[in-house]
Amino acid sequence: MLNNQGRQTDINTAAALSNNNVTTHSGNRGLDQEELLIYEIGNSQTCGVDLEEVGEFKNRLGGVTRDNEIGLAGLSEPECMRHYTRLSRKNYAIDMGLYPLGSCTMKHNPRINEKVVRLPGLGDIHPLQPVSTVQGALDLMDTLAHWLKTLTGMPAVAMSPKAGAHGELCGVMAIKAALDKRGENRTVILAPESAHGTNPATAALCGYKIKNIPSTKDGRVDLQALKDALGPDVAGIMLTNPNTCGLFERDIIEIADAVHAAGGYFYCDGANFNAIVGKVRPGDLGVDAMHINLHKTFSTPHGGGGPGAGPVVLSEALAPFAPVPYVVHGEDGFDLVEHVTDDGCSKDSFGRMTAFHGQMGMNIRALAFMMSHGTDGLARVAEDSVLNANYVMASLSDVMTASFDGPCMHECLFDDRFLADTGVATLDFAKAMIDEGYHPMTMYFPLVVHGAMLIEPTESESKQSVDQFVGSLRHLVEQAKSGNKDLFSGAPYLAPRKRLDETRAARSPVLRWTKPE
């Protein structure tokens, strides 16, 4: 006879256990699987594949031949799969939830772009193939270049830089080459406080001295301080717009005019172009050079150190100094200008930055994003990114302290005044967000406000997901102001790994695994 009464669930006991530290033999906690280092679970005698014995061969390594075992850990195929799958589950990702990391534009990457980039004929080409066999790829690069120039209102674009900071380097090297052509040895680059940190680093790498330009109380460039800093020694300015406070520089045209009148060039950091794409053309603002992070404005996988792309659009004044190689329209189709010559179109180029012609996969994804959105869709990208950021700011301004009055662009900036007298710091607040299931926002940046919290929801988030995020932050604020300091001081409590001793980690880093005795 079947039992017609199920086992009673003791709800109270289950709730009590879930709130306590339940220890397990395996170290696992339900679906939260514990995982050791690969060196701790593997051994040098195990291999996931069978390899043929190596026959007789001539050793050509000379004196660098290995003379002992290197001790790499080996795993069987299922062990290997489980190891990396378990590790991946400990990682927060944009495909899991809203990723509010300000100034990074962590947005959804449409999967159709991944399908396009793997199409036969695109995914299998090689940069050393003869030009006649890759006419379609060159056509694609030329089409992408056309749209980048159209969207920015600039006459030229260098496609080979491989990241945003690499694009900055390209722009400053073009400026330096233009000044050399003029026979001028200018030594100073102006960098506002609200610029990205890589801007002064890039200028310094190119041998320039950095002159800092302060911000006004409303978070913009101090125009008078800028004009006072201009002189015959100034090569140019590196300005981020929208800036790292999430604000549009209202005086940008007057800034450009002042820099040009002093004989300098205007480099604009275009990392935040997704806030104005389709709405504003940087060329109309007087910009001479600007890099575009394809992964931020358009679409490519973001983060994890993967390949990037940072094309740089150039004004007429700087276009002759663009790096090689670049695509041109030849008599028999598309062609590549590979070398600097004394009398050709590349005679003023500052040279080559990379081995090949740019990150083809990133170019394909970016063009697929453009073509699927169209001009009206790209403008909608900017509108939605600004709308979402302002929605977050408006939804939190009554409990958190916005750093500046008025609307923001694609990211909103809060400071730590709302945490005064709570005993909770910006770091604690951010760590508690992990227990709420979110990657923390950008902390302590930009440096122009105290205890900064920079939030960028991006245009790819729905109102529902933004509302849930806002609800979590409002809950944390309520807990902080009610005196529940313990909720923050040890957070995160629910993550696979707990609060790091950051001071010890910085002063006594353990960078090498040592086999236990």
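Computed from a predicted model, the values in this text were never measured in an experiment.

### Brief notes about the overall build of the protein
Looking only at helices and strands, one finds 15 helices and 13 strands in the protein. Oriented by its inertia axes, the alpha-carbon framework of the protein measures out at about 95 × 75 × 50 Å. Relative to its 517 residues, the protein shows a buried fraction of 45%. The long-range fraction of contacts in the protein, counting pairs at least 24 apart against all pairs at least 6 apart in sequence, stands at 69%. Total accessible area computed for the protein in this model is approximately 27600 Å², and 54% of it derives from carbon and sulfur atoms. Side chains of the protein give 45 positive and 62 negative charges; the mean places of these two sets differ by 3 Å.

### Looking at the side chain of N199
Tracing the backbone through its elements, the reader meets N199 in helix α7 (residues 198-205). Dropping the residues within four chain positions of it, N199 is found in contact with E168, M238, T240 and D269.

### Considering unusual backbone geometry
Note that the residue after N241, namely P242, is joined by a cis bond; omega there is -5°. Structurally, P242 can be placed in the loop between β4 (234-240) and α9 (252-261). Going from V324 to P325, the amide bond is cis rather than trans, its omega being 0°. As for its position among the elements, P325 is in the loop between β7 (312-314) and β8 (326-330). Here S103, not a glycine, exhibits a phi torsion of approximately 70°, which is positive. Looking at the element boundaries, S103 is found in the loop between α3 (77-89) and α4 (111-117).

### Quick look at the sheet that holds strand β12 (residues 442-443)
Spatially, 4 strands are ordered β10-β11-β13-β12 in an open sheet, and the strand pairing comes out antiparallel. Either end of the sheet is taken by a strand with one partner, and the two such strands are β10 (401-402) and β12. Here 2 bridges tie β12 to strand β13 (residues 453-455), and the two strands are oriented antiparallel to one another. Residue pairing across strands places T442 opposite L454, the latter belonging to β13. Packing of helix α11 (residues 360-396) onto the sheet brings it into contact with β10, β11 (412-415) and β13, and relative to β11 it is tilted by some 30°.

### Focus on helix α13 (residues 463-481)
Taking 1.5 Å of rise per residue, 19 residues should cover 27 Å, and α13 covers 27 Å from first to last C-alpha, within 8% of that figure. All of the buried residues along α13 are S465, V466, F469, V470, S472, L473, L476, V477, Q479 and A480. G483 sits one or two positions beyond α13 and adopts a positive phi of about 95°.

### As for the pairing of β4
Extensive coverage of β4 is indicated by the burial of 7 of its 7 residues. In this structure, strand β2 (residues 188-192) lies alongside β4, joined through 3 bridges in parallel fashion. Among the inter-strand pairings, L190 is bridged to a residue of β4, identified as I237. Across 5 bridges, β4 lies against strand β5 (residues 265-269) in parallel orientation. Across the sheet, G236 pairs through a bridge with Y265, a residue of β5. In the classification by handedness, the crossover that spans β4, the intervening α9 and the parallel β5 is right-handed.

### So, the nonpolar core
Of all hydrophobic cores here, the largest spans 58 residues; its most connected members are L148, L190 and F298. Those elements giving two or more residues to this core turn out to be α5 (135-152), β2, α8 (223-229), β4, α9, β5, β9 (333-337) and α11. When residues of this core are assigned to domains, at least three map to each of domain 1 (114-369) and domain 2 (375-495). The contacts of F298, once residues within four sequence positions are left out, are K107, L148, L151, V277, I292, N293, A366, F369, M370 and L378. Membership of the second largest hydrophobic core comes to 34 residues, among which are M106, C408, L476 and A491.

Each value, and the rule that gives it
- Residues numbered from 1 in each chain as written.
- Predicted model: local features only at pLDDT ≥ 70, side-chain atom pairs only at ≥ 80, totals over all residues.
- Heavy atoms only, no water.
- Helix = DSSP H or I, 4+ residues; strand = E, 2+ residues; numbered from the N terminus.
- Buried < 20%, exposed > 50% of the residue type's maximum accessible area, 1.4 Å probe, protein only.
- Contact = heavy atoms within 4.5 Å.
- Areas by Shrake-Rupley, 256 points an atom, 1.4 Å probe, with all protein chains shown as cover.
- Lys, Arg positive; Asp, Glu negative; His and termini not counted.
- Charge placed at Lys NZ, Arg CZ, Asp CG, Glu CD.
- Pairing = 2+ DSSP bridges.
- Axes fitted to C-alpha atoms, helices over the stretch in contact; angles between N-to-C directions.
- Expected span 1.5 Å × (residues − 1).
- Right-handed = clockwise from strand over helix to strand, strands pointing away.
- Core = buried A, V, L, I, M, F, W, Y, C linked by side-chain atoms within 4.5 Å.
- Domains from an automatic or database assignment.

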